[in-house]
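Results of the structural survey
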Amino acid sequence: MSVIQRSRTGADRQVRDRQRTAERLLASSAKLSFDPLKDVDWSAAPLPGRYYCPPRHLSLYGTELWERLTEEQRIELSKHEVASIAGVGIWFEEILMQMLLRHAFDRDPTTAHVQYALTEIADECRHSVMFARMISWMGVPAYGPGRLSHELGRIFKATSTHSQTFGGTMYVEEILDAFQRELMNDESLQPLTRQVSRIHVIEESRHISYAREELQRVHLGPVRRRWEQLFIGLIVLRTTKSLINPRVYAAVGIDPRVGREAARTNPHWRAVKTELASKVIGVLDQAGLVGRTNRWLLRRAGVLAAAA
């Protein structure tokens, strides 16, 4: 078989694989999707004395500042940190929707692959509304990722490559998935945040499968791989640093600058981030998107152990 014939055979196999994956995900979407305006009880009041996420996932947990907080302040901090993470989720989902539209724009809309991309966009629209409604339900600000990350996102959504689109998607969706899986299974937490997490985890599992397989289909040369590693490292760094807006600390009487520094140097918070990101860092590594070019950025983001 000639090189050209082998290339065509490989391309045909990739098309068939994409179609099979998309058909499976479309069938799953038809069977199990949610309408958060109907499937979440937004009229329910928060239950007194319950955290909004596991305390161990809070950025100040284990610090001297944490020890000074009352139980009521700790619960209040959990509410604001969940809202901050949800705001970053909305920001990235808006970026992702635009990247998926760019992905679909150049492809045949009659294929299941493109139709699933459009289905995922519809999912992300609902998720963004769901997170926004949750923030309103909490009665806290929509913190967002901060001005710098917001403006960098404006550039990224317009210029991202295939690897950056699906690598960035994998990172954000996997780290939120790990966070929310623990949240939704903890019966001691607020029921509404558990239900929001459950809906997001179920639907995002399909998005993660779609992105993971797209990453595996691209083979990068050595120069291109280093370039993509650098950008993935920057995406991970900016996204991770944006998860907790420093303004959340003011809600419990802590100077935002003091709270940010305490979180930055908190070994427990770093360990939590490393734990939440461990699975997706492995996936990115398998796709050739972790290497010497970006390991220092991943360590700086707190998602890679110092010895890794």
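Notes on the structure in this doc start here.

Scanning the protein from N- to C-terminus turns up 12 helices and 0 strands. Going residue by residue from the N terminus, the α and β elements of the protein occur as α-α-α-α-α-α-α-α-α-α-α-α. In terms of overall dimensions, the protein has a C-alpha envelope of 70 × 45 × 30 Å along the principal axes. In the protein, 82% of the contacts between residues at least 6 apart in sequence involve partners at least 24 apart. Charge-centre separation for the protein: the mean point of 43 positive side chains lies 7 Å from the mean point of 35 negative side chains.

For Leu-304, the location among the structural elements is in the segment after α12 (295–301). The class for Leu-304 is buried, based on a relative accessible area of 10%. Note: C-alpha distance between Leu-304 and Ile-155 (149 residues apart in sequence) is 26 Å. Leave out the neighbours within four places in its chain, and Leu-304 touches Arg-270, Thr-274, Ile-281, Arg-295, Leu-298 and Arg-299.

Per the counting criterion, the structure on display carries 6 aromatic pairs. Aromatic side chains Tyr-116 and Tyr-210 sit 5.0 Å apart centroid to centroid with 55 degrees between the ring planes, which places their arrangement in the tilted category. With Tyr-116 in helix α5 (residues 112–138) and Tyr-210 in helix α8 (residues 191–216), this pair connects stretches of sequence that are 94 residues apart. Ring-pair connections join several aromatic residues into one group, and the members of that group are Tyr-116, Phe-166 and Tyr-210.

Cut-offs and rules
- Residues numbered from 1 in each chain as written.
- Predicted model: local features only at pLDDT ≥ 70, side-chain atom pairs only at ≥ 80, totals over all residues.
- Heavy atoms only, no water.
- Helix = DSSP H or I, 4+ residues; strand = E, 2+ residues; numbered from the N terminus.
- Contact = heavy atoms within 4.5 Å.
- Lys, Arg positive; Asp, Glu negative; His and termini not counted.
- Charge placed at Lys NZ, Arg CZ, Asp CG, Glu CD.
- Buried < 20%, exposed > 50% of the residue type's maximum accessible area, 1.4 Å probe, protein only.
- Phe/Tyr/Trp six-rings, centres within 6.5 Å; stacked < 30°, edge-to-face > 60°.

Fair warning: the whole summary comes from geometry, so function is off the table for now.
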